[in-house]
Amino acid sequence: MLKKSIPQLPSLDLQKSKKFYEENLGFKTLNEYDDIYLLEKDGFELHLWLCDDPSIPQNSSVYYHVDEIDLMYLDYKNKGIVHKNAHIMDKLWGMREFYVVDLDGNLLKFGQNINV
């Protein structure tokens with residue numbers, strides 16, 4: 001039986017990634033190890049693991065279901081971290097979405113169900 005899922009994203013520099021996630025996205029660091037950092041926001045964990053191949057984060061992503069997406073979008077847009085080609089919009093599959101790309105190229109997708 002599945003109990004929990006924890007996304008793990010590659011990082012080329014754990015300290016820089018930690019700073020980005022804390023200052024821009026509101027995550028808190030739970031633990032730091034040599035090759036992996038454990039972060040948390042709103043009860044959800046995210047692990048960042050040390051990687052030396054830039055192509056890996058450029059091909060990695062995570063999708064978060066959220067509430068109050070319009071407020072989140074405005075906050076992230078004001079911080080200048082919304083992807084230039086992924087501003088908020090309603091999608092055919094019933095989600096309102098926008099995307100952020102972190103310092104290493106990981107794609108962070110945020111979506112809220114609009115068919116509720």
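The text that follows walks through the structure, step by step, so that each part is easy to find.

Conventions adopted
Residues numbered from 1 in each chain as written. Predicted model: local features only at pLDDT ≥ 70, side-chain atom pairs only at ≥ 80, totals over all residues. Heavy atoms only, no water. Helix = DSSP H or I, 4+ residues; strand = E, 2+ residues; numbered from the N terminus. Buried < 20%, exposed > 50% of the residue type's maximum accessible area, 1.4 Å probe, protein only. Polar contact = N/O pair within 3.5 Å; in protein donor to acceptor, adjacent residues only side chain to side chain. Core = buried A, V, L, I, M, F, W, Y, C linked by side-chain atoms within 4.5 Å. Contact = heavy atoms within 4.5 Å. Phe/Tyr/Trp six-rings, centres within 6.5 Å; stacked < 30°, edge-to-face > 60°. Lys NZ or Arg CZ within 6 Å of the ring centre and 35° of its normal.

### As for the side chain of E40
Part 1 of the argument: Residue position: E40 is located in strand β3 (residues 36-41).
Part 2 of the argument: Residue class for E40 comes out buried when judged on its relative accessible area of 15%.
Part 3 of the argument: Reaching out from E40, the side chain makes a polar contact with the backbone nitrogen of G43 at a distance of 2.5 Å.

### A word on the nonpolar core
Part 1 of the argument: In terms of nonpolar packing, the biggest core is built from 24 residues, with Y21, L25, Y76, F98, V100, L108 and F110 touching the most fellow members.
Part 2 of the argument: Elements with a minimum of two residues in this core: α1 (14-25), β3, β4 (44-50), β5 (61-65), α2 (69-78), β7 (95-101) and β8 (107-113).
Part 3 of the argument: Leave out the neighbours within four places in its chain, and V100 touches F20, Y76, I81, V82, H83, N106, L107, L108 and F110.

### Examining the packing of aromatic side chains
The geometry of two aromatic rings is summed up by the distance between their centres and the angle between their planes.
Part 1 of the argument: Inspection of every chain in the model, using the stated rule, returns seven aromatic pairs.
Part 2 of the argument: With 5.2 Å between their ring centres and 20 degrees between their planes, F98 and F110 make a pair best called stacked. A residue pair is termed long-range when its members are at least 10 positions apart, and F98 in strand β7 and F110 in strand β8 qualify at twelve residues. Per residue, the accessibility class of F98 equals that of F110, and both read buried.
Part 3 of the argument: An aromatic cluster is present here, built from Y64, Y73, Y76, F98 and F110 joined pairwise through their rings.
Part 4 of the argument: Cation over ring: K109 sits above Y99, and NZ or CZ is 5.3 Å from the ring centre.

### What about the environment of G26?
Part 1 of the argument: The residue G26 is located in the loop between α1 and β2 (28-32) in this model.
Part 2 of the argument: With a relative accessible area of 41%, G26 lands in the partly exposed category.
Part 3 of the argument: C-alpha separation for the pair G26 and H65, spaced 39 residues apart in sequence, amounts to 16 Å.
Part 4 of the argument: If sequence neighbours within four positions are ignored, G26 has contacts with Y21, E40 and K41.

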